[in-house]
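An overview of the molecular structure
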Amino acid sequence: MASDWAEERETLLAIYDNAIEATDQGFYMRLRPDVDHEQQCFVQLDLTFQVPTNYPEAKPTVLLASPRGLNHEQFTRLVQDIEELVADASEAQEACAIDVIQSLKTGLEEMNQPPSTCVICLDNLRSDNLYKTRCFHCFHLSCLIRYLYYRHHNMEADMTAEDHARLRAQYATDEEIAAARLKEERAKPSPCPICREAMPADRTLKKAAEEIAGMPPTLDPAGSASPVKDLPMPLSPQQRKEQEKRQALFQRQLAKGGIICAS
Ligand SMILES: [Zn+2]
Ligand SMILES: [Zn+2]
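The following refers to the structure shown. The structure presented is a predicted model; accordingly, all values stated were derived computationally and were not measured.

The rules behind each value
Residues numbered from 1 in each chain as written. Chains lettered and ligands numbered in written order. Predicted model: local features only at pLDDT ≥ 70, side-chain atom pairs only at ≥ 80, totals over all residues. Axes fitted to C-alpha atoms, helices over the stretch in contact; angles between N-to-C directions. Helix = DSSP H or I, 4+ residues; strand = E, 2+ residues; numbered from the N terminus. Parallel < 35°, antiparallel > 145°, perpendicular 65-115°, else oblique. Left-handed = near helix turned anticlockwise from the far one by under 90°. Contact = placed C-beta atoms within 7 Å. Pairing = 2+ DSSP bridges. Expected span 1.5 Å × (residues − 1). Buried ≥ 20, exposed ≤ 12 C-beta atoms within 10 Å, placed from the backbone. Arc of directions from axis to C-beta.

1. Section: the packing of helix α2 (residues 72-91) against helix α3 (residues 97-110)
Two numbers describe how α2 lies on α3: the axes approach to 10 Å, and their chain directions differ by 155 degrees. It follows from the interaxial angle that α2 and α3 lie roughly antiparallel. The crossing of α2 and α3 is right-handed. In this structure, α2 contributes L78, D81, I82, L85, V86 and A89 to the contact, and α3 contributes D99, V100, S103, L104 and G107.

Listed below in structure tokens is the structure:
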């Protein structure tokens, strides 16, 4: 009955306030786990709940869309849980919107884990050196810096004929064209290495971009040394301590003749 939904809608608005968009026909809500910081939120889901005129006798239509950070198995599990919940409620002729939201929130909170592997280096991801993009993809921050470095410095190869003609009209030399192109690229948000969605520069990425801006503008022409090898690698205090420990061990072994230096 329509009045049932009107009553349930009032309750939903009282609980979820601005987080919910409710109408006579149902509601829409973006669901995410409760976390203190955006960088701790690894999963997200959009919920649309459509109410038929004879709700709750008739089943509502529940649509789960735009899953972020969830694998196929996790998403399927959430869909199945909700299908069961809605079927049970409908059989009992009970309203179920709040239960659907709560069930999904609980599920998302359980699944709120970053992926275990960085797709750039295939090494394990650790929470102390992880960067999450707006599209919910996670990388080591140091790997993402390397990616941005390569992207910015390989722009010349990617330059289209139109880009070249446009810049040629403004600048006289190839060096000036390359520098202008680099500047343009740095001003644009770079695409995510996985899904190509633009990664707007937040504070962390801006800092990374500044480090990149301090790098030499082109790759070493002799090709003898990899410029990436010399990129600043943000180390955690723990990594730094470990590095110092190994350095001391190396020096001790070197002094005792345990290591033969080729140079
Ligand atoms: Zn990595
Ligand atoms: Zn992405």
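There's plenty left to go through after this.
2. Topic: the pairing of strand β2 (residues 26-31)
With 4 bridges connecting them, strand β1 (residues 20-23) and β2 associate as antiparallel partners. Bridge assignment links A22 to a residue of β2, and that residue is F27. Here β1 hands over to β2 after 2 residues, the two strands then running antiparallel side by side. Alignment of β2 against strand β3 (residues 44-50), held across 6 bridges, turns out to be antiparallel. Across the sheet, F27 pairs through a bridge with F49, a residue of β3.

3. Points about the sheet that holds β1
One open sheet holds the 4 strands; their spatial order is β1-β2-β3-β4, and the pairing between them is antiparallel. The open sheet has two edge strands, β1 and β4 (61-68), and neither has a second partner. Taken pair by pair, the neighbouring strands of this sheet meet at an average axis angle of 10 degrees, ignoring direction. Set on the sheet, α3 makes contact with β2, β3 and β4; between it and β3 the angle comes to about 165 degrees.

4. Describing α2
The terminal C-alpha atoms of α2 lie 29 Å apart, and with 20 residues this matches the ideal 28 Å at 1.5 Å per residue to within 8%. Among the residues of α2, L78, I82 and V86 are the ones counted as buried. All buried residues of α2 fall inside an arc of 65 degrees around its axis, so they share one side. Facing away from the buried side of α2 by more than 90 degrees, the exposed set consists of H72, E73, T76, Q80, E83, E84, A87, D88 and E91. In the stretch just after α2, Q93 is the one whose phi turns positive, near 55 degrees.

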